[in-house]
Every structure is written in C-alpha cells, then in structure tokens.
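What the coordinates show
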Amino acid sequence: NLRCPFCDTKYAWEKEKGQEYNKEQILNHLINKFKKIKRICITGGEPFLQEDLVEVIQFLKQFGYWVMIETNGTIYKETEADWVVVSPKQDGKKIWNIGYNIVWKDMANEFKYVIAKLKDLDFIDRGITKDIWIVPVSNDFKVKDLIITFLENSGRKNWRLGWQLQKTLKN
C-alpha cells in the first residue's frame, strides 16, 4: 500500500501479475516443497491488506507452523501470529505522523528500519523500547558502514545491524 521504491515484490503492485491461493493450496505448497520447514514469514507488500490473513494464520498454526508477519505498520489488525515485525517506511507518514500506527509500539515484537542514506536514520522512532533492526537498503556496503558508525556512537542497546539474507542468498 506504500509502494516503496526499494520494494522486493514490485510485481505485486499489478493484480494481473499476482496469483491467488486459498489456505489449502498454501498448505499443500508448503508440505510438498518445504517438508521440514515449520516457520513461516508472511510479508510484502503489506500482509494486512489480505482479507483472510487471520484465517490463513489460524489454519497454518493448526498444522504446527510458527507464523511471523512483517508489516509496514500502517494497518492494525489483531493477529494470532507468533511474532510481528513492524518495518515503518517514510511514506507511512502520510497516514501516521511517526510512519506507523502507534498501537504497534506495544503489540509488535520488534521493529525494522530500511536505511538508504544517513538522513534516514532520523526517521527511526527513538521511543521504541523493543529491538530495532537497522538494515541497509539492498545490502549496500556503504550504507552498512554508515549504520555501523552510527550504532557505535549511539549508545542504544536495542538497536542492531540487520542484513537482507534473501538478497545475499538470491532465494
């Protein structure tokens, strides 16, 4: 819903390029392709745009899956997910003054901010007491170095450098 310029799933912006699955098809896919995997991350674009998300999570949990959601935080819905990561984006400020619905400050398990330039670090909500992962956009090494320097000087114990492993592993 925010159409971030660095989105991993830009193809999802165009309905005709997507594919719909019901919960049974999702389960069959997981069982057939990923037999031993029991941890699922539902993410990108924005999972809470899906009308049946709660139903899908409940269904997966019935089959022993541990379910995580990564959201940009602009939409709040109660969830039975085991873990929630809120990854606020600058464009979220068009909806909420801090870029995400304040309810998530207490409800989320952790936060993740994607950083493209040094100024983006100013966007991080300093009032968050949960763990905050700071991730360089597209695993940019120059941005990584900026983040490391920032973290070394920040004195914040709950802020950490993150990395987009899916891009490193190309999977």
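Use the structure listed above.
Let me begin by describing the structure that accompanies this report. (Residues numbered from 1 in each chain as written. Predicted model: local features only at pLDDT ≥ 70, side-chain atom pairs only at ≥ 80, totals over all residues. Heavy atoms only, no water.)

**Structural notes on the overall build of the protein**
Broken down by element type, the protein carries five helices and six strands. Each helix (α) and strand (β) of the protein, taken in turn from the N terminus, gives the series α-β-α-β-β-α-β-β-α-β-α. For 171 residues, the compact-globule estimate of 2.2 N^0.38 gives 16 Å, and the protein sits close to it at 17 Å. Taken over the C-alpha atoms alone, the protein extends approximately 50 × 35 × 30 Å along its principal axes. Classification of the 171 residues of the protein by burial places 37% in the buried group. Residue pairs at least 24 apart in sequence account for 55% of intrachain contacts in the protein once pairs closer than 6 positions are excluded. Positive and negative charge centroids in the protein, built from 28 and 23 side chains respectively, lie 5 Å apart. (Helix = DSSP H or I, 4+ residues; strand = E, 2+ residues; numbered from the N terminus. Rg over C-alpha atoms; globule rule 2.2 N^0.38 Å. Buried < 20%, exposed > 50% of the residue type's maximum accessible area, 1.4 Å probe, protein only. Contact = heavy atoms within 4.5 Å. Lys, Arg positive; Asp, Glu negative; His and termini not counted. Charge placed at Lys NZ, Arg CZ, Asp CG, Glu CD.)

**A closer look at the pairing of strand β2 (residues 66-71)**
In terms of burial, β2 is largely enclosed, as five of its six residues are buried. The handedness of the strand β1 (residues 39-42) to β2 crossover, carried by helix α2 (residues 53-62), is right-handed. (Right-handed = clockwise from strand over helix to strand, strands pointing away.)

**Some points on the nonpolar core**
Ranked by internal contacts, the top residues of the largest apolar core, which has 33 residues, are Phe111, Tyr113, Ile115, Ile124, Ile132 and Ile134. Elements supplying a minimum of two residues to this core: α1 (23-33), β1, α2, β2, β3 (83-86), β4 (110-115), β5 (131-136) and α4 (141-154). A per-element tally of this core places α2 first, with five residues. Leave out the neighbours within four places in its chain, and Ile124 touches Tyr113, Ile115, Ile132, Ile134 and Trp159. (Core = buried A, V, L, I, M, F, W, Y, C linked by side-chain atoms within 4.5 Å.)

**Remarks on the pattern of salt bridges**
In this structure the tally under the stated criterion is eight salt bridges. Here Lys117 makes a salt bridge to Asp120, at a shortest N to O gap of 3.3 Å. Lys117 gets classed as partly exposed once you look at its relative accessible area, which sits at 48%. We note a salt bridge from Arg160 to Asp131, for which the minimum N-O separation is 3.5 Å. Here Arg160, found in strand β6 (residues 159-161), pairs with Asp131, found in strand β5; they are 29 residues apart in sequence, far enough to count as distant. By relative accessible area, which is 28% here, Arg160 ends up partly exposed. (Salt bridge = Lys/Arg side-chain N within 4 Å of Asp/Glu carboxyl O.)

**A short note on a nonpolar patch on the surface**
On the surface, a nonpolar cluster with roughly 250 Å² of combined accessible area is contributed by Ile102, Val103 and Met107. Along the chain, Ile102 falls in the loop between β3 and α3 (104-107). Taking the relative accessible area as the measure of exposure, Ile102 reaches 48% and is therefore partly exposed. (Patch = residues over 30% accessible without salt bridge, like charges linked within 9 Å, V, L, I, M, F, W, Y side chains within 5 Å. Areas by Shrake-Rupley, 256 points an atom, 1.4 Å probe, with all protein chains shown as cover.)

**Things to note about the packing of aromatic side chains**
Between two aromatic rings, the relevant description is the distance of the centres plus the angle of the planes. For the structure shown, the criterion picks out seven aromatic pairs. By the ring-pair criterion, three or more aromatic residues cluster together here, those being Phe48, Tyr76 and Trp104. One Lys or Arg, Lys38, reaches over the ring of Tyr65 and ends 4.3 Å from the middle of that ring. Directly above the aromatic system of Trp66 lies the positively charged group of Arg39, at a separation of 3.7 Å from the ring centroid. (Phe/Tyr/Trp six-rings, centres within 6.5 Å; stacked < 30°, edge-to-face > 60°. Lys NZ or Arg CZ within 6 Å of the ring centre and 35° of its normal.)

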